[in-house]
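# Topology and contacts: notes
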Amino acid sequence: MCKGLSLFLLLISFTVQAEQWPGEQWPSGARLSGPAVEALETYAFPSRDDHTRQGIRTDALLIIRDGQLVYERYAVPTRAETPHLTWSISKSLMATVLGVAYGEGLFKLEDPAVRFYPTLEKHPAITIADLLHWASGLDWQEDYEYAPLKSSVVAMLYTRGHRDMPAFSADHDAYAPPGQAFRYSSGDSNLLAAALKNMVGQQRYPDYPWTALFEPLGIRHAVWETDAGGTFVASSYAYLTARDLARVGLLMAREGRWHDRQLLPRDWVAFNREPFAGYKAHQDEAVPGGQWWLNRPADGAAAPWPDAPPDTFAALGHWGQALYVIPSEKLVIVRYADDRDGSYRHTELLKRVLKAVQP
(Lines give C-alpha, C1' and ligand atoms only; values in the text may rest on other atoms or scores of the structure.)
Protein backbone atom coordinates (compact mmCIF):
# COMPACT_ATOMS: atom_id res chain seq x y z
CA MET A 1 0.00 0.00 0.00
CA CYS A 2 2.75 2.49 0.97
CA LYS A 3 4.79 1.62 -2.10
CA GLY A 4 1.78 2.13 -4.38
CA LEU A 5 0.95 5.41 -2.66
CA SER A 6 4.53 6.62 -3.08
CA LEU A 7 4.43 5.80 -6.79
CA PHE A 8 1.13 7.64 -7.17
CA LEU A 9 2.50 10.73 -5.43
CA LEU A 10 5.62 10.55 -7.61
CA LEU A 11 3.48 10.51 -10.75
CA ILE A 12 1.42 13.46 -9.50
CA SER A 13 4.61 15.37 -8.71
CA PHE A 14 6.02 14.65 -12.18
CA THR A 15 2.81 15.87 -13.84
CA VAL A 16 2.84 19.13 -11.87
CA GLN A 17 6.53 19.71 -12.59
CA ALA A 18 6.07 18.96 -16.29
CA GLU A 19 3.62 21.82 -16.79
CA GLN A 20 5.45 25.14 -16.75
CA TRP A 21 3.88 28.39 -15.58
CA PRO A 22 5.39 31.85 -15.13
CA GLY A 23 5.93 33.20 -11.64
CA GLU A 24 7.42 36.67 -11.30
CA GLN A 25 9.51 35.71 -14.34
CA TRP A 26 9.00 33.28 -17.19
CA PRO A 27 10.81 29.96 -16.84
CA SER A 28 13.49 29.65 -19.51
CA GLY A 29 13.68 26.79 -21.96
CA ALA A 30 16.46 25.92 -24.38
CA ARG A 31 17.01 29.06 -26.44
CA LEU A 32 16.30 28.74 -30.14
CA SER A 33 19.29 28.87 -32.45
CA GLY A 34 20.40 27.78 -35.90
CA PRO A 35 19.69 28.69 -39.52
CA ALA A 36 15.89 28.70 -39.08
CA VAL A 37 16.18 31.27 -36.30
CA GLU A 38 18.46 33.37 -38.48
CA ALA A 39 15.84 33.20 -41.24
CA LEU A 40 13.18 34.29 -38.76
CA GLU A 41 15.27 37.27 -37.66
CA THR A 42 16.08 38.23 -41.25
CA TYR A 43 12.34 38.56 -41.85
CA ALA A 44 11.30 40.10 -38.53
CA PHE A 45 14.26 42.44 -37.91
CA PRO A 46 15.53 43.85 -41.23
CA SER A 47 17.55 47.08 -41.30
CA ARG A 48 15.31 49.74 -39.85
CA ASP A 49 14.77 53.16 -41.42
CA ASP A 50 13.29 55.43 -38.76
CA HIS A 51 13.13 58.33 -41.23
CA THR A 52 10.81 56.83 -43.86
CA ARG A 53 9.22 54.20 -41.56
CA GLN A 54 9.04 51.84 -44.53
CA GLY A 55 9.23 48.06 -44.40
CA ILE A 56 8.81 45.59 -41.55
CA ARG A 57 9.52 47.31 -38.24
CA THR A 58 9.36 44.78 -35.38
CA ASP A 59 9.66 46.30 -31.89
CA ALA A 60 9.53 43.02 -29.98
CA LEU A 61 9.31 39.31 -30.74
CA LEU A 62 8.81 36.77 -27.99
CA ILE A 63 8.15 33.04 -28.25
CA ILE A 64 6.80 30.85 -25.44
CA ARG A 65 6.89 27.09 -26.00
CA ASP A 66 5.13 24.82 -23.53
CA GLY A 67 5.14 27.55 -20.90
CA GLN A 68 8.84 28.41 -21.27
CA LEU A 69 10.51 31.46 -22.78
CA VAL A 70 12.63 30.23 -25.70
CA TYR A 71 13.17 33.38 -27.77
CA GLU A 72 13.10 37.13 -27.08
CA ARG A 73 14.40 40.12 -29.00
CA TYR A 74 13.65 43.85 -28.93
CA ALA A 75 14.39 46.88 -31.08
CA VAL A 76 15.12 50.25 -29.48
CA PRO A 77 13.28 52.03 -27.92
CA THR A 78 11.19 49.01 -26.85
CA ARG A 79 12.61 46.88 -24.03
CA ALA A 80 11.44 43.93 -21.97
CA GLU A 81 10.03 46.30 -19.34
CA THR A 82 8.23 48.58 -21.84
CA PRO A 83 4.41 48.54 -21.72
CA HIS A 84 3.73 48.76 -25.47
CA LEU A 85 0.59 50.17 -27.03
CA THR A 86 -1.42 47.16 -28.18
CA TRP A 87 -3.96 49.01 -30.33
CA SER A 88 -6.74 46.53 -31.24
CA ILE A 89 -5.27 43.69 -29.20
CA SER A 90 -7.16 45.68 -26.53
CA LYS A 91 -10.36 44.25 -28.00
CA SER A 92 -9.30 40.69 -27.26
CA LEU A 93 -8.14 41.75 -23.80
CA MET A 94 -11.60 43.17 -23.09
CA ALA A 95 -13.15 39.92 -24.30
CA THR A 96 -10.92 38.08 -21.83
CA VAL A 97 -11.95 40.38 -18.98
CA LEU A 98 -15.58 39.86 -19.96
CA GLY A 99 -14.96 36.12 -19.75
CA VAL A 100 -14.25 36.45 -16.04
CA ALA A 101 -17.51 38.40 -15.58
CA TYR A 102 -19.30 35.71 -17.59
CA GLY A 103 -17.89 33.11 -15.22
CA GLU A 104 -19.28 35.12 -12.31
CA GLY A 105 -22.74 34.77 -13.87
CA LEU A 106 -23.10 38.51 -14.48
CA PHE A 107 -24.45 38.18 -18.03
CA LYS A 108 -25.36 35.76 -20.80
CA LEU A 109 -24.33 35.97 -24.44
CA GLU A 110 -27.93 36.35 -25.57
CA ASP A 111 -28.64 39.25 -23.20
CA PRO A 112 -29.66 42.50 -24.91
CA ALA A 113 -26.77 44.94 -24.55
CA VAL A 114 -29.20 47.74 -23.71
CA ARG A 115 -29.86 45.97 -20.41
CA PHE A 116 -26.34 46.95 -19.35
CA TYR A 117 -25.95 50.12 -21.41
CA PRO A 118 -29.28 51.99 -21.64
CA THR A 119 -27.86 54.53 -24.11
CA LEU A 120 -28.33 51.78 -26.72
CA GLU A 121 -32.10 52.31 -26.52
CA LYS A 122 -32.28 53.03 -30.29
CA HIS A 123 -30.96 49.51 -30.91
CA PRO A 124 -32.67 47.24 -28.37
CA ALA A 125 -32.13 44.03 -30.35
CA ILE A 126 -28.32 44.07 -30.20
CA THR A 127 -27.03 41.32 -27.93
CA ILE A 128 -23.72 40.91 -26.14
CA ALA A 129 -22.86 38.12 -28.60
CA ASP A 130 -23.52 40.48 -31.53
CA LEU A 131 -21.06 43.01 -30.14
CA LEU A 132 -18.46 40.29 -29.54
CA HIS A 133 -18.82 39.20 -33.18
CA TRP A 134 -18.56 42.78 -34.52
CA ALA A 135 -22.08 42.17 -35.81
CA SER A 136 -24.09 44.92 -34.13
CA GLY A 137 -25.44 46.09 -37.49
CA LEU A 138 -24.40 49.67 -36.68
CA ASP A 139 -23.26 51.65 -39.72
CA TRP A 140 -19.67 52.05 -38.59
CA GLN A 141 -16.74 53.02 -40.83
CA GLU A 142 -13.47 51.54 -39.58
CA ASP A 143 -11.15 53.66 -41.74
CA TYR A 144 -7.84 54.95 -40.45
CA GLU A 145 -5.32 57.54 -41.54
CA TYR A 146 -5.88 56.72 -45.21
CA ALA A 147 -9.50 57.99 -45.06
CA PRO A 148 -9.84 60.14 -41.93
CA LEU A 149 -12.73 62.33 -43.06
CA LYS A 150 -15.24 59.48 -43.24
CA SER A 151 -13.76 57.41 -40.41
CA SER A 152 -15.95 56.61 -37.43
CA VAL A 153 -12.97 55.38 -35.42
CA VAL A 154 -10.88 58.53 -36.00
CA ALA A 155 -13.85 60.66 -34.92
CA MET A 156 -14.38 58.48 -31.85
CA LEU A 157 -10.77 58.47 -30.69
CA TYR A 158 -9.69 62.00 -31.58
CA THR A 159 -12.53 64.42 -32.35
CA ARG A 160 -16.27 64.65 -31.64
CA GLY A 161 -16.60 61.25 -29.96
CA HIS A 162 -13.55 61.15 -27.74
CA ARG A 163 -15.15 62.32 -24.50
CA ASP A 164 -17.86 59.62 -24.47
CA MET A 165 -16.87 56.88 -26.89
CA PRO A 166 -19.71 54.41 -26.20
CA ALA A 167 -22.37 57.11 -26.60
CA PHE A 168 -20.80 58.18 -29.89
CA SER A 169 -20.91 54.56 -31.06
CA ALA A 170 -24.49 54.00 -29.93
CA ASP A 171 -25.64 57.07 -31.86
CA HIS A 172 -24.84 55.46 -35.22
CA ASP A 173 -27.71 54.33 -37.43
CA ALA A 174 -28.21 50.69 -38.36
CA TYR A 175 -27.31 49.26 -41.74
CA ALA A 176 -28.29 45.61 -41.05
CA PRO A 177 -30.23 43.64 -38.43
CA PRO A 178 -28.10 42.72 -35.41
CA GLY A 179 -26.32 39.40 -35.60
CA GLN A 180 -26.67 39.03 -39.37
CA ALA A 181 -23.58 40.67 -40.87
CA PHE A 182 -19.96 41.19 -39.91
CA ARG A 183 -18.49 44.69 -39.98
CA TYR A 184 -15.34 45.26 -37.98
CA SER A 185 -16.03 48.03 -35.48
CA SER A 186 -14.07 49.63 -32.70
CA GLY A 187 -17.41 51.06 -31.64
CA ASP A 188 -18.78 47.60 -30.87
CA SER A 189 -15.78 46.93 -28.64
CA ASN A 190 -16.26 50.15 -26.68
CA LEU A 191 -19.95 49.37 -26.22
CA LEU A 192 -18.81 46.14 -24.54
CA ALA A 193 -16.60 48.18 -22.21
CA ALA A 194 -19.59 50.35 -21.31
CA ALA A 195 -21.77 47.29 -20.71
CA LEU A 196 -19.14 45.83 -18.39
CA LYS A 197 -19.45 48.90 -16.16
CA ASN A 198 -23.03 48.03 -15.25
CA MET A 199 -22.35 44.31 -15.13
CA VAL A 200 -19.78 44.64 -12.37
CA GLY A 201 -20.95 47.93 -10.82
CA GLN A 202 -19.47 51.41 -10.63
CA GLN A 203 -17.30 50.64 -7.61
CA ARG A 204 -15.62 47.52 -9.03
CA TYR A 205 -15.27 48.76 -12.58
CA PRO A 206 -12.12 50.98 -12.37
CA ASP A 207 -10.09 48.08 -10.93
CA TYR A 208 -11.88 45.19 -12.58
CA PRO A 209 -9.40 44.37 -15.40
CA TRP A 210 -6.70 44.19 -12.73
CA THR A 211 -8.56 42.22 -10.07
CA ALA A 212 -10.28 39.92 -12.58
CA LEU A 213 -7.45 39.24 -15.02
CA PHE A 214 -4.11 41.01 -14.66
CA GLU A 215 -3.39 40.26 -11.00
CA PRO A 216 -4.33 36.56 -11.18
CA LEU A 217 -1.97 36.22 -14.17
CA GLY A 218 0.87 38.06 -12.43
CA ILE A 219 0.69 41.06 -14.79
CA ARG A 220 2.18 44.01 -12.90
CA HIS A 221 2.68 46.75 -15.48
CA ALA A 222 -0.57 47.09 -17.43
CA VAL A 223 -1.99 50.49 -18.35
CA TRP A 224 -5.49 50.92 -19.77
CA GLU A 225 -6.71 54.38 -20.71
CA THR A 226 -10.32 55.52 -20.32
CA ASP A 227 -12.39 58.17 -22.01
CA ALA A 228 -13.53 61.26 -20.07
CA GLY A 229 -16.44 59.28 -18.63
CA GLY A 230 -14.15 56.65 -17.14
CA THR A 231 -14.97 53.91 -19.66
CA PHE A 232 -12.02 51.77 -20.73
CA VAL A 233 -11.08 52.32 -24.37
CA ALA A 234 -11.49 48.65 -25.20
CA SER A 235 -10.88 49.29 -28.87
CA SER A 236 -7.37 50.66 -28.63
CA TYR A 237 -5.62 51.85 -25.51
CA ALA A 238 -4.29 48.99 -23.39
CA TYR A 239 -0.51 48.86 -22.86
CA LEU A 240 1.35 45.70 -21.75
CA THR A 241 4.90 44.42 -21.89
CA ALA A 242 5.48 41.57 -24.34
CA ARG A 243 6.11 39.18 -21.46
CA ASP A 244 2.84 40.17 -19.79
CA LEU A 245 0.82 39.87 -22.98
CA ALA A 246 2.23 36.36 -23.39
CA ARG A 247 0.56 35.44 -20.08
CA VAL A 248 -2.82 36.17 -21.64
CA GLY A 249 -1.83 33.98 -24.57
CA LEU A 250 -0.89 31.10 -22.28
CA LEU A 251 -4.22 31.43 -20.46
CA MET A 252 -6.04 31.09 -23.78
CA ALA A 253 -3.76 28.29 -25.00
CA ARG A 254 -4.70 26.30 -21.89
CA GLU A 255 -8.43 26.90 -22.37
CA GLY A 256 -8.84 29.52 -19.67
CA ARG A 257 -6.95 27.67 -16.92
CA TRP A 258 -4.21 29.33 -14.86
CA HIS A 259 -2.41 26.80 -12.66
CA ASP A 260 -5.26 24.94 -10.92
CA ARG A 261 -7.83 27.74 -11.35
CA GLN A 262 -10.31 27.83 -14.24
CA LEU A 263 -10.18 31.61 -14.61
CA LEU A 264 -12.25 31.63 -17.82
CA PRO A 265 -15.07 29.13 -18.34
CA ARG A 266 -14.24 26.62 -21.05
CA ASP A 267 -17.40 27.46 -22.96
CA TRP A 268 -16.31 31.11 -23.05
CA VAL A 269 -12.98 30.19 -24.64
CA ALA A 270 -14.82 27.90 -27.07
CA PHE A 271 -17.08 30.81 -28.05
CA ASN A 272 -14.05 33.07 -28.62
CA ARG A 273 -12.63 30.45 -30.98
CA GLU A 274 -15.81 29.69 -32.93
CA PRO A 275 -16.14 31.47 -36.31
CA PHE A 276 -19.01 33.94 -36.66
CA ALA A 277 -21.54 32.29 -38.96
CA GLY A 278 -22.39 35.53 -40.77
CA TYR A 279 -18.83 36.17 -41.97
CA LYS A 280 -18.33 36.33 -45.75
CA ALA A 281 -15.07 35.30 -47.41
CA HIS A 282 -12.28 37.89 -47.53
CA GLN A 283 -14.10 40.54 -45.49
CA ASP A 284 -11.02 40.84 -43.30
CA GLU A 285 -7.49 39.47 -42.93
CA ALA A 286 -8.68 36.58 -40.73
CA VAL A 287 -11.95 35.03 -39.63
CA PRO A 288 -13.68 36.69 -36.64
CA GLY A 289 -14.54 34.74 -33.52
CA GLY A 290 -15.52 36.37 -30.22
CA GLN A 291 -13.22 39.43 -30.49
CA TRP A 292 -10.38 37.09 -31.51
CA TRP A 293 -9.17 36.22 -35.04
CA LEU A 294 -9.17 32.64 -36.29
CA ASN A 295 -7.18 30.67 -38.86
CA ARG A 296 -10.26 28.85 -40.04
CA PRO A 297 -11.82 28.36 -43.48
CA ALA A 298 -15.09 30.24 -43.85
CA ASP A 299 -17.67 30.76 -46.56
CA GLY A 300 -15.80 28.50 -48.98
CA ALA A 301 -12.46 30.31 -48.69
CA ALA A 302 -9.17 28.77 -47.58
CA ALA A 303 -7.75 29.40 -44.12
CA PRO A 304 -6.14 32.87 -43.99
CA TRP A 305 -2.74 31.67 -42.71
CA PRO A 306 -2.03 28.51 -44.73
CA ASP A 307 1.41 27.96 -43.20
CA ALA A 308 0.00 27.70 -39.66
CA PRO A 309 -2.10 24.96 -38.01
CA PRO A 310 -5.88 25.37 -38.24
CA ASP A 311 -6.21 25.87 -34.47
CA THR A 312 -4.09 29.05 -34.61
CA PHE A 313 -5.90 32.12 -33.34
CA ALA A 314 -4.77 35.63 -32.58
CA ALA A 315 -5.35 39.06 -31.13
CA LEU A 316 -4.34 41.63 -33.75
CA GLY A 317 -3.74 45.38 -33.68
CA HIS A 318 -2.94 48.33 -35.92
CA TRP A 319 0.62 48.75 -37.20
CA GLY A 320 1.48 45.07 -36.79
CA GLN A 321 0.66 44.21 -33.17
CA ALA A 322 -0.04 40.49 -32.75
CA LEU A 323 -0.55 37.84 -30.10
CA TYR A 324 -0.64 34.41 -31.76
CA VAL A 325 -1.76 31.28 -29.92
CA ILE A 326 -1.18 27.79 -31.39
CA PRO A 327 -2.46 25.25 -28.84
CA SER A 328 -1.52 22.18 -30.92
CA GLU A 329 2.11 23.33 -30.94
CA LYS A 330 2.04 24.67 -27.35
CA LEU A 331 3.16 28.03 -28.72
CA VAL A 332 2.43 31.61 -27.76
CA ILE A 333 4.02 34.34 -29.89
CA VAL A 334 4.00 38.07 -29.17
CA ARG A 335 4.97 40.59 -31.81
CA TYR A 336 4.97 44.34 -31.23
CA ALA A 337 5.71 46.60 -34.17
CA ASP A 338 5.56 49.96 -35.89
CA ASP A 339 4.64 48.77 -39.39
CA ARG A 340 3.38 51.55 -41.64
CA ASP A 341 3.25 50.20 -45.19
CA GLY A 342 1.46 46.84 -45.11
CA SER A 343 4.47 44.73 -46.06
CA TYR A 344 4.30 42.45 -43.00
CA ARG A 345 2.54 39.09 -43.44
CA HIS A 346 1.18 37.03 -40.54
CA THR A 347 1.54 33.74 -42.38
CA GLU A 348 5.19 34.42 -43.23
CA LEU A 349 6.16 35.07 -39.62
CA LEU A 350 4.18 32.07 -38.40
CA LYS A 351 5.84 29.82 -40.99
CA ARG A 352 9.30 30.93 -39.90
CA VAL A 353 8.53 30.58 -36.19
CA LEU A 354 7.22 27.07 -36.72
CA LYS A 355 10.42 26.11 -38.52
CA ALA A 356 12.57 27.73 -35.83
CA VAL A 357 10.98 25.73 -33.00
CA GLN A 358 11.35 22.37 -34.71
CA PRO A 359 13.89 20.07 -32.93
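Now for a quick tour of the structure. (Residues numbered from 1 in each chain as written. Predicted model: local features only at pLDDT ≥ 70, side-chain atom pairs only at ≥ 80, totals over all residues. Heavy atoms only, no water.)

### A look at the overall build of the protein chain
A count of helical and extended segments in the protein chain gives eleven helices and twelve strands. Taken over C-alpha atoms, the radius of gyration comes to 21 Å for the protein chain, in line with the 21 Å a tight globule of 359 residues would show. Across its three principal axes, the protein chain shows a C-alpha extent of roughly 65 × 60 × 40 Å. Here the contacts in the protein chain between residues at least 6 apart in sequence split such that 63% fall between residues at least 24 apart. For the protein chain, the computed accessible surface area is about 15,700 Å², with 53% contributed by carbon and sulfur atoms. Considering the protein chain, the positive charge centre built from 35 side chains and the negative charge centre built from 42 side chains are found 4 Å apart. (Helix = DSSP H or I, 4+ residues; strand = E, 2+ residues; numbered from the N terminus. Rg over C-alpha atoms; globule rule 2.2 N^0.38 Å. Contact = heavy atoms within 4.5 Å. Areas by Shrake-Rupley, 256 points an atom, 1.4 Å probe, with all protein chains shown as cover. Lys, Arg positive; Asp, Glu negative; His and termini not counted. Charge placed at Lys NZ, Arg CZ, Asp CG, Glu CD.)

### Some points on the sheet that holds strand S8 (residues 287-288)
Pairing within the open sheet is antiparallel, and its seven strands lie in the order S2-S1-S12-S11-S10-S9-S8. Whereas interior strands pair on both sides, the edge strands pair on one side only; in this sheet they are strand S2 (68-74) and S8. Of the pairings in the sheet, the one linking strand S1 (residues 58-65) to strand S12 (residues 331-337) comprises seven bridges and is antiparallel in character. Directly across from Ala60, in S12, lies its bridge partner Tyr336. Packing of helix H2 (residues 35-44) onto the sheet brings it into contact with S1 and S2, and relative to S1 it is tilted by some 150°. (Pairing = 2+ DSSP bridges. Axes fitted to C-alpha atoms, helices over the stretch in contact; angles between N-to-C directions.)

### Notes on the packing of aromatic side chains
Per the stated rule, a full pass over the model turns up 22 aromatic pairs. When the centroid spacing of 5.5 Å and the interplanar angle of 70° are considered together, the rings of Phe182 and Tyr279 count as edge-to-face. Placement of the pair is Phe182 in the loop between helix H6 (165-170) and helix H7 (186-200) and Tyr279 in the loop between helix H10 (266-272) and S8, with a sequence separation of 97 residues. Across the pair, exposure class does not vary: Phe182 and Tyr279 are buried alike. (Phe/Tyr/Trp six-rings, centres within 6.5 Å; stacked < 30°, edge-to-face > 60°. Buried < 20%, exposed > 50% of the residue type's maximum accessible area, 1.4 Å probe, protein only.)

### What about the nonpolar core?
Counting 124 residues, the largest nonpolar core has Leu196 and Leu349 as the members making the most contacts within it. If we ignore the near neighbours within four places in the chain, the residues touching Leu196 are Met94, Val97, Leu98, Ala101, Tyr205 and Tyr208. (Core = buried A, V, L, I, M, F, W, Y, C linked by side-chain atoms within 4.5 Å.)

### Examining the sheet that holds strand S3 (residues 84-85)
One open sheet holds the three strands; their spatial order is S3-S5-S4, and the pairing between them is antiparallel. Since the sheet does not close on itself, it has two edges, and those belong to S3 and strand S4 (223-224), each with one partner. Here S4 runs beside strand S5 (residues 238-240); their pairing, made up of two bridges, is antiparallel. Looking at S5, one finds that Trp224 is bridged to Ala238.

### With respect to the side chain of Thr96
Mapped onto the elements of the fold, Thr96 is located in helix H3 (residues 89-103). A polar contact is formed between the side chain of Thr96 and the backbone oxygen of Ser92, at a distance of 2.8 Å. Among all residues touching Thr96, those that are not within four sequence positions of it are Leu213, Val248, Leu251, Leu264 and Trp292. (Polar contact = N/O pair within 3.5 Å; in protein donor to acceptor, adjacent residues only side chain to side chain.)

### Some points on the environment of Arg163
Along the chain, Arg163 turns up in the loop between helix H5 (152-158) and H6. The exposure class of Arg163 is exposed, given its relative accessible area of 55%. Between the alpha carbons of Arg163 and Thr231 there is a distance of 9.7 Å; along the sequence they are 68 residues apart. When neighbours within four sequence positions are excluded, Arg163 is seen to be in contact with Asp227, Ala228 and Gly229.

### Quick look at unusual backbone geometry
Cis geometry is found at the peptide bond from Val76 to Pro77, where omega equals 15°. By the secondary structure assignment, Pro77 is in the loop between S2 and S3. Positive phi values are uncommon outside glycine, yet Glu255 reaches one of about 60°. Structurally, the position occupied by Glu255 is in the loop between helix H9 (242-253) and strand S6 (257-258).

### What about the pairing of S1?
Counting buried positions along S1 yields seven of eight residues, so the element is predominantly enclosed. With six bridges joining them, S1 and S2 adopt antiparallel strand pairing. Within S2, the residue paired with Leu62 across the bridge is Glu72. Connecting the antiparallel pair S1 and S2 is a turn made up of two residues, with Asp66 showing a positive phi of about 55°.

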